[in-house]
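Examining the three-dimensional arrangement
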Amino acid sequence: MAHDHPHDHDHDHSEIGPMDLRVRALETVLAQKGYIDPAALDALIDTYQTRIGPCNGARVVAKAWVDPAYRRWLLEDATAAIASLGYSGRQGEHMVVVENTPERHHMVVCTLCSCYPWPVLGLPPTWYKSAPYRSRAVRDPRGVLADFGVTLPAGTEIRVWDSTAEVRYLVLPMRPAGTEALGEEALAALVTRDSMIGTGLPRQP
Ligand code: FE
């Protein structure tokens, strides 16, 4: 987060960086040699950008909010509980769900690269992959939260989880007050992507 907008706006990322150039060059060579099919690659990216996304994770969270047995299962065996809703596959093979409480707030980062639970959140936003987020989330989580407009009570402990190729974390945010009358679908609409990474809170009804 070298600039004032921690969110994944693209306005100042229009130039192609050296890493993107290398990726494109590699992709071109692999396609020319017939090792990869560009159409298959496009289909894969389209799937994760449009079909699979935070709406999946939001359904998991909403179900946990209304169904205590599902919530317990989710906290004990997230991979199975999430798969029971039909969300499984690559980058989500070993899921762990961490639950926010008034005493403890969880935040997820991948300090090494960009490990992220694709089946429930889709592809990671640009800021999640950025070096500033990856280093500062660990050093100064409260400052990072402030950049995202989140201020927690001073007494709330912040715990940062480092996602890896083996384990991907999903935050179970606290159910907003005043939502007792809402059904699962209406609740899911309150669950933002960032609230499941821990850099945001659910919308208020
Ligand atoms: Fe990673």
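As a reminder, the structure under discussion sits directly above these lines.
Notes on the structure follow. Keep in mind that this is a model prediction, so the values were computed, not measured.

Side chains that carry opposite charge are capable of pairing whenever their charged atoms lie near each other. Counted by the stated rule, this structure contains 7 salt bridges. As a salt-bridge pair, Asp140 and Arg136 come within 3.3 Å of each other at their nearest N and O atoms. Taking the relative accessible area as the measure of exposure, Asp140 reaches 30% and is therefore partly exposed. Of the charged contacts in the structure, one is a salt bridge between Glu157 and Arg159, with a shortest N-O distance of 3.3 Å.

In a soluble, globular protein the nonpolar side chains are often hidden away together inside. Leu74, Ile82, Val120, Tyr128, Tyr133 and Ile197 are the most contacted members of the largest nonpolar core, which has 43 residues in total. Counting residues per element, this core draws most heavily on helix H3 (residues 54–66), which supplies 6 residues. Not counting the four nearest positions on each side in its chain, Ile197 is found in contact with His106, Met107, Val108, Tyr116, Leu121, Trp127, Tyr128, Tyr133 and Val171.

Ligation of the iron ion by protein atoms is provided by Cys110 (SG), Cys113 (SG), Ser114 (N), Cys115 (N) and Cys115 (SG), these donors lying 2.1 to 2.8 Å from the ion. In primary-sequence terms, the residues that donate to the iron ion follow C-x2-C-S-C. Its relative accessible area of 34% is what places Cys113 among the partly exposed residues.

What counts and how
Residues numbered from 1 in each chain as written. Predicted model: local features only at pLDDT ≥ 70, side-chain atom pairs only at ≥ 80, totals over all residues. Heavy atoms only, no water. Salt bridge = Lys/Arg side-chain N within 4 Å of Asp/Glu carboxyl O. Buried < 20%, exposed > 50% of the residue type's maximum accessible area, 1.4 Å probe, protein only. Core = buried A, V, L, I, M, F, W, Y, C linked by side-chain atoms within 4.5 Å. Helix = DSSP H or I, 4+ residues; strand = E, 2+ residues; numbered from the N terminus. Contact = heavy atoms within 4.5 Å. Donors = N, O, S within 2.8 Å, 3.2 Å for Na, K, Ca; no water.

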